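Architecture and fold: a report
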Amino acid sequence: MKFNFFKRKEKDNTPKTLFQKLKSWVLKIIKWFFILSIGSVIFFRFIPVPCTPLMFSRAFDNMIAGEDIIWSHDWVAIENISPNLQKAVIASEDNLFLTHNGFDVDAIKKAIKTNKKGKRIVGGSTISQQTAKNVFLWQGRSFIRKGFEAYFTVLIEIFWSKERIMEVYLNSIEMGKGVYGAQAAAKHWYGKSAANLTKNEAAGIAAILPNPRKYKASNSSAYINRRKAKIQKLMYYVGPLKY
């Protein structure tokens with residue numbers, strides 16, 4: 001009996017059905033989604049994020065409304081962002097940031113319970129989740145978007161350090177109308193660099209994050225001043241920044 005190991009496999013010329021073509025198309029899309037998503041997360045582990053979908057969305061809204069397009073964004077390394085601001089956002093947005101793996105289950109359960117009451121919509125997103133949303137996704141509250149948010153949150157927790165997540169977060173979030181990132185916010189609200197923010201100033205920026213287009217970090221309302229005071233107290237419990 002003879003075996004020809006080098007014999008070329010005959011090509012199957014059987015016409016593909018519509019289902020087979022659709023299946024092949026879907027598998028290709030899934031494959032390239034994983035390749036591009038993982039590749040982009042690894043890429044932005046080392047490269048500054050120049051812009052985000054939210055920045056374009058806000059600019060488009062301004063254009064449609066016939067308003068001036070305001071887009072202030074200056075990337076700075078985390079070494080040039082005051083530890084006061086880093087502690088302030090942890091205290092106000094995600095007190096377990098340094099220890100969790102991307103998700104705060106208790107905060108999510110609490111948000112779901114509160115939202116069921118229908119009084120107001122609150123979120124249970126961690127800093128990691130917010131970073132994933134801001135950098136890679138569109139705005140919204142659909143289950144599909146939340147699913148992608150969870151996926152990208154897992155990816156950045158795998159490929160990025162906590163310090164990198166904080167660096168990208170503080171350089172990409174909205175901190176005022178058309179103001180994005182710590183450096184632009186420090187200049188806009190206090191006329192100084194992000195490296196020189198005091199505890200009170202850092203707490204002021206953190207206090208407006210739930211709605212930075214409505215509230216002011218300086219010359220604040222009584223409500224924001226109360227939030228500032230509370231955040232400054234909570235900053236004490238954050239402790240040293242051990243990323």
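Residues numbered from 1 in each chain as written. Predicted model: local features only at pLDDT ≥ 70, side-chain atom pairs only at ≥ 80, totals over all residues. Heavy atoms only, no water.

Side note on the sheet that holds strand β2 (residues 174-176)
The strand order across the open sheet formed by three strands is β1-β3-β2, and the pairing between neighbours is mixed. The strands lining the two open edges of the sheet, one partner per strand, are β1 (72-73) and β2. Here β1 runs beside strand β3 (residues 179-180); their pairing, made up of two bridges, is parallel. Looking across to β3, one finds that Ser72 is bridged to Val179. (Pairing = 2+ DSSP bridges. Helix = DSSP H or I, 4+ residues; strand = E, 2+ residues; numbered from the N terminus.)

So, unusual backbone geometry
Residue Asn219 is not a glycine yet carries a positive backbone phi of 50°. Structurally, Asn219 can be placed in the loop between α9 (199-207) and α10 (222-238). The exposure class assigned to Asn219 is exposed, which follows from its relative accessible area of 77%. (Buried < 20%, exposed > 50% of the residue type's maximum accessible area, 1.4 Å probe, protein only.)

Let's talk about the nonpolar core
Within the largest apolar cluster, 49 residues are counted, with the highest numbers of intra-cluster contacts made by Leu85, Val89, Phe136, Met166 and Leu170. Elements that contribute at least two residues to this core include exactly α1 (18-46), α3 (83-93), α5 (127-136), α6 (143-159), α7 (162-172), α8 (182-190), α9 and α10. With residues up to four places along the chain from it excluded, the contact list for Val89 reads Asp94, Ile127, Met166, Tyr169, Leu170, Ala206 and Leu209. (Core = buried A, V, L, I, M, F, W, Y, C linked by side-chain atoms within 4.5 Å. Contact = heavy atoms within 4.5 Å.)

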